[in-house]
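# Remarks on the overall topology
Here are the chains, one letter per residue:
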Amino acid sequence: MGARREVTTGGILGKKKEKKTSRVMESYGTQFFSQIDKLRDQLLISIDGVTDRECVEEELSPREILTRIESVILGIVDSLSKNEAPVLLLPNRSSWSNVDFDSGMGLQMSSEHSVTNVRSNCPSSVTRFAQILKILSVIYRLVQGNSYATKRDVYYNNTQLFGSQRSVDIIVDDISCMLKVSRRALHVLATSKGLIAGDLCYLEEDGTRIDCRSSSAAVSVSSNIYGIRNIVSSAKFVLIVEKDATFQRLLNDDFCAKLSPCIMITGKGVPDVNSRLMVKKLWDTLQIPIFALVDADPHGFEIMCIYKYGSVAMSFEAHSLTVPSVMWLGLLPSDLQRLRVPKSSLLPLARTDESKLSSLLKRPYLASHPEWQKELELMQQSKVKAEIQSLADISPDFLTSIYLPNKLRYGGWL
């Protein structure tokens, strides 16, 4: 009996200890996420009544898309019937003068944008004219047959005509802009380069179940984001990571499980459209804070801005690509001084960096972010930049054990 009482007493004490530990951990968790929860509340208030109105894209019927393509072809036939050289008018997707800025949407193509003439009788554009017609014919057949192809498939359809994959990539986006339809509606998909991991499960369009919760390997971002459904997650936030190397480091350190339930995604540098669509999908579905972790250099800052406000080249699809709620978590230029990152880890700004920095300081969204402007001006004055990996020179696990936990706990984002 004595032995039994001892075991019973020990069990009771053990349970009391477990409950106390649980309460402490729960209290710690509540305290840890208080700033993130406040941010989420602020974001939800700011988008209340706006998201549904602005983010839902009207789905065009296949017949309407085919009609728009037929209209382009009829214009060419009409020119030929008049003995005139056909000309295609493409919206200019490379000029800032064609872009308007809206803090709630990002960079949008202006309704009064300039156009580029692609002439069939001009030696400098005749090849491009032929390429556009070829891709229009491929798209027409895909939409008509309700089938899909990747941009890679389109390239191999006639490699001699296209010359490079990049030509196909640019023209598909040009056609999308010209017809005022999404690339998805053209039935042309892009192979994704991004990776995603963390507290996230969903179904692909074909019914395949994707589980991103494995701590040892990431999942490739889907090439058909529009087809994703049944998203399930208890994540507190999404972390966009600029570089694959940093992403893999966080994955190896089991960052998502150790710190909190979260989702990590990387576009491996300048993000492809699918990585941007995925971030947009997560925001629209989960509406949790999204943070960007990028290098403290002009290139890293611009990458963060692409996720948040978009790019000039894809401004015609701003409604489906931009996520203005994205916050700049780091690496901030001010962090380099505050954390006393070793000088040996800092790199001097190259001429191209200084030129890019000057360009960034003129961006329209800087006016609504004075704290961003201060950070960029600090970089300009110090004439140094740093990669995220430079934090490892403070201590090997500084990024995952100290930097990110403190940033998230105390609201160290801009």
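Thresholds, definitions, all that
Residues numbered from 1 in each chain as written. Predicted model: local features only at pLDDT ≥ 70, side-chain atom pairs only at ≥ 80, totals over all residues. Heavy atoms only, no water. Helix = DSSP H or I, 4+ residues; strand = E, 2+ residues; numbered from the N terminus. Buried < 20%, exposed > 50% of the residue type's maximum accessible area, 1.4 Å probe, protein only. Contact = heavy atoms within 4.5 Å. Areas by Shrake-Rupley, 256 points an atom, 1.4 Å probe, with all protein chains shown as cover. Core = buried A, V, L, I, M, F, W, Y, C linked by side-chain atoms within 4.5 Å. Pairing = 2+ DSSP bridges. Axes fitted to C-alpha atoms, helices over the stretch in contact; angles between N-to-C directions. 1 Å grid on protein atoms, 1.4 Å probe; cavity = no way out; pocket = protein on both sides within 12 Å on 5 of 7 lines; lining within 4 Å. Points joined across faces, edges and corners; volume = space filled by probe spheres on them. Expected span 1.5 Å × (residues − 1). Polar contact = N/O pair within 3.5 Å; in protein donor to acceptor, adjacent residues only side chain to side chain. Salt bridge = Lys/Arg side-chain N within 4 Å of Asp/Glu carboxyl O.

### A word on the overall build of the chain
Secondary structure assignment for the chain yields 17 helices and 17 strands. Taking all 414 residues of the chain together, the buried fraction comes to 49%. For the chain, long-range pairs separated by at least 24 residues make up 75% of all intrachain contacts whose partners lie at least 6 apart in sequence. A total of about 20,400 Å² of accessible surface is found on the chain, and carbon and sulfur atoms cover 51% of it.

### Quick look at the nonpolar core
Among the nonpolar cores identified, the biggest contains 87 residues, and Ile-196, Leu-239, Phe-255, Met-278 and Phe-291 are the most heavily contacted of them. For this core, the element with the most residues is helix H11 (residues 273-286), which contributes seven residues. Every residue in contact with Phe-291, bar those within four places of it in the chain, is listed here: Ile-36, Leu-39, Phe-237, Val-238, Leu-239, Ile-240, Met-327, Leu-329, Leu-408 and Trp-413. Grouped together as the second largest cluster of nonpolar side chains are 31 residues, Tyr-140, Tyr-155, Val-181 and Val-188 included.

### What about the sheet that holds strand S8 (residues 201-203)?
Reading across from one edge, S9-S8-S11 is the order of the three strands in this open sheet, with antiparallel pairing throughout. Since the sheet does not close on itself, it has two edges, and those belong to strand S9 (209-211) and strand S11 (229-232), each with one partner. On average, adjacent strands in this sheet sit at an angle of 10° to one another, irrespective of strand direction. Pairing of S8 with S9 involves three bridges; the strand directions are antiparallel. When the sheet's bridge partners are listed, Tyr-202 is paired in S9 with Ile-210.

### A short note on empty space enclosed by the protein
Counting across every chain of the model gives one cavity of 30 Å³ or more. Considering only enclosed or pocket space, the largest cavity measures out at about 130 Å³ in volume. For the largest cavity, the lining is made up of 16 residues, of which Arg-183, Arg-184, Tyr-226, Asn-274 and Leu-277 are closest to its centre. The element contributing the most residues to the lining of the largest cavity is H11, with three residues.

### Some thoughts on helix H5 (residues 126-144)
Relative to the 27 Å expected for 19 residues at 1.5 Å per residue, H5 spans 27 Å between its end C-alpha atoms, a close match to the ideal helical length. All of the buried residues in H5 are Phe-129, Gln-131, Ile-132, Ile-135, Leu-136, Val-138, Ile-139, Tyr-140, Leu-142 and Val-143. Positive phi appears at Asn-146, one or two residues downstream of H5, with a value of about 50°.

### Digging into the side chain of Ser-95
When you line up the elements, Ser-95 lands in the loop between strand S1 (87-91) and strand S2 (99-102). For Ser-95, a relative accessible area of 19% corresponds to the buried category. Among the polar contacts listed, one links the side chain of Ser-95 to the side chain of Ser-97, at a separation of 2.5 Å.

### What about the pattern of salt bridges?
For the structure shown, the criterion picks out 21 salt bridges. Residues Asp-78 and Lys-82 are paired through a salt bridge, measuring 3.2 Å at the closest nitrogen-oxygen approach. Between Lys-356 and Glu-302 there is a salt bridge, with its nearest N and O atoms 2.9 Å apart. Taken together, the residues Lys-356 in helix H15 (residues 351-360) and Glu-302 in helix H12 (residues 298-309) connect sequence positions 54 residues apart. Residue class for Lys-356 comes out partly exposed when judged on its relative accessible area of 28%. Residue class for Glu-302 comes out buried when judged on its relative accessible area of 17%. A single salt-bridge network, built from bridges that share partners, covers Arg-93, Arg-128 and Asp-174.

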